[in-house]
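Observations on the model geometry
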Amino acid sequence: MAILLTNATVATMAGGYGLIEGGAVAVEADRILWVGRMSEIPEAYAALPSHDCGGHLLTPGLIDCHSHIVFGGNRALEFEMRLNGASYEEVARAGGGILSTVRATRAASEEVLLEQALARADLMMAAGATTIEVKSGYGLSVEDELKMLRVARQIASHRPLRVQTTHLAAHAIPPEYAGRAMDYIEQVAIPSLRAAHAEGLVDAVDAFCEGIAFLPDQVERLFTAARAMGLPVKLHAEQLSDQKGTLLAARFGALSADHIEYLGADGIAAMAAAGTVAVILPGAFYTLRETQKPPIQALRDAGIPMAVATDFNPGTAPVASLPLTMNMACTLFRMTPEETLLGATTHAARALGLTDRGTITPGQLADLCLWDATHPAQLSYTIGATPLLARMFGGQIDA
């Protein structure tokens, strides 16, 4: 199928917004053939069936490069407890915290987890996402990590979303391995990674490098195993303290370092040299009412691309909307609307190691969003409420 989208304000996201007023986009099958002004439509495309975009804003489909949408249960009561003054320890004693999600995830069948994940994916799609990353990390056993990754892989069979799966067994230390983090890496994280890789369930490998989770030498053992399998790595780094995880990530050529609120100058230099993307996650900062902000200006000065993602998860970022997250990044971290849209398109694609999406340029996937807006700044300006008029997945319009 070929189609010509006409009368659009096209944000190509090539070199910034890359705005084309009165623009048109020619699509054939699942690829973009041409983009430009309506007055310059090549003769070869002029006779294609057309779709009038009514002057509205056309952007690349949004890319959520960091999410945890496969999980059991929810933590709404824990949220309420915290607001009523309960400490982290009190929440944990009452059965809350990440281990409550682990218990619920372990107890749930693949069918139940898939049903719940699809409902969350629908929310993400309604806010403009056409590609999402989905992590494991709430199973914390070989069997349950594989269960999560199988569910994540199945999402794309039920929805037109494109899904990248990330192995995150090194997310937390389960009670049965308390005080034995390296044993957990050797006996659960690496074996589950090998099994997932053998089943074709994993696109990348992640870990939570923090004092309450895994230290750099433990993560290094996992990353060494990932490298032997030819898998790219990324890292939850410097969220709560500067553990120098970004130095490790950069040494392994990581696709991204995520959170990075406590990132230091040495980590910035390492990321810049390695070409590692900074993934900014304001949803967790907002939910946890943190005060340490990521070093946005230093990242700008170093020329490090900044992606923006929801971090959609049950405990610290129960947010499904990338536009809402973009608004948070602007309001809380003083990113610009242009930076946040680049962060949810071009730079998010780079954070996933993808080169075939994130801009409206010839040869890219025809995954597009048509918004009830006339300028891309409106996506960050309106607090999570810019209407999505239509989506295109692989050249097919989904109104």
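If you look the protein up in an unreviewed UniProt entry, it shows as Imidazolonepropionase from Fuscibacter oryzae. Regarding the protein, the relevant UniProt record gives this comment under Pathway (unreviewed entry): "Amino-acid degradation; L-histidine degradation into L-glutamate; N-formimidoyl-L-glutamate from L-histidine: step 3/3." Per UniProt, the protein carries the Function (unreviewed entry) text "Catalyzes the hydrolytic cleavage of the carbon-nitrogen bond in imidazolone-5-propanoate to yield N-formimidoyl-L-glutamate. It is the third step in the universal histidine degradation pathway."

Attention now moves to the side chain of Ser141. Counting through the fold element by element, Ser141 comes out in the loop between β7 (129-135) and α6 (142-158). Classification of Ser141 as buried rests on a relative accessible area of 17%. If we skip the residues at most four places from it in the chain, Ser141 touches Arg106 and Val188.

Before going further, it helps to examine unusual backbone geometry. Note on backbone geometry: most residues besides glycine have negative phi, and most peptide bonds are trans. Located in the positive-phi region is Met13, a residue other than glycine, with phi close to 60°. Positive phi, normally seen in glycine, also occurs at Ala29, with a value near 55°.

Attention shifts here to the UniProt feature "binding site: Zn(2+)" (unreviewed entry) in the protein. As annotated in UniProt, the feature "binding site: Zn(2+)" (unreviewed entry) corresponds to His66, His68, His236 and Asp311 in the numbering used here. Spanning 246 residues, the named residues form one tight spatial group whose C-alpha atoms are at most 12.6 Å apart. Summarising the element assignment, His236 is placed in strand β10 (residues 235-237). For His236, the residues in contact, after removing those within four places along its chain, are His66, His68, Lys135, Leu168, Asp206, Ala207, Phe208, Cys209, Asp258 and His259.

This next bit is on the pattern of salt bridges. Any two side chains of opposite charge can pair, given that their charged atoms come close. Inspection of the entire model under this criterion finds 22 salt bridges. For Lys135, the salt bridge goes to Asp206, with nearest N and O atoms at 2.8 Å. Of this pair, Lys135 sits in strand β7 while Asp206 sits in strand β9 (residues 204-209), and the two are 71 residues apart along the sequence. Taking relative accessible area as the criterion, Asp206 reaches 0% and is therefore assigned buried. Of the charged contacts in the structure, one is a salt bridge between Arg153 and Asp203, with a shortest N-O distance of 2.9 Å. You can see Arg153 sitting in helix α6 and its partner Asp203 sitting in the loop between α7 (181-198) and β9, a full 50 residues away along the chain. What emerges from the salt-bridge pattern is a single network uniting Arg106, Asp144, Lys147 and Glu176.

With that settled, consider the sheet that holds β10. Judged by pairing direction, the sheet is parallel, and its 8 strands sit side by side in the order β6-β7-β8-β9-β10-β11-β12-β13 without closing on themselves. On the outer flanks of this sheet lie β6 (62-64) and β13 (306-308), each paired with one strand and no other. Neighbour-to-neighbour, the strand axes of the sheet open up by a mean angle of 25°, direction not taken into account. Note: strand β11 (residues 256-259) against strand β12 (residues 277-280), 3 bridges, orientation parallel. What sits directly across from Asp258, in β12, is Val279.

Cut-off values and rules
- Residues numbered from 1 in each chain as written.
- Predicted model: local features only at pLDDT ≥ 70, side-chain atom pairs only at ≥ 80, totals over all residues.
- Heavy atoms only, no water.
- UniProt positions renumbered as here; feature names shortened; annotations may be inferred.
- Helix = DSSP H or I, 4+ residues; strand = E, 2+ residues; numbered from the N terminus.
- Buried < 20%, exposed > 50% of the residue type's maximum accessible area, 1.4 Å probe, protein only.
- Contact = heavy atoms within 4.5 Å.
- Salt bridge = Lys/Arg side-chain N within 4 Å of Asp/Glu carboxyl O.
- Pairing = 2+ DSSP bridges.
- Axes fitted to C-alpha atoms, helices over the stretch in contact; angles between N-to-C directions.

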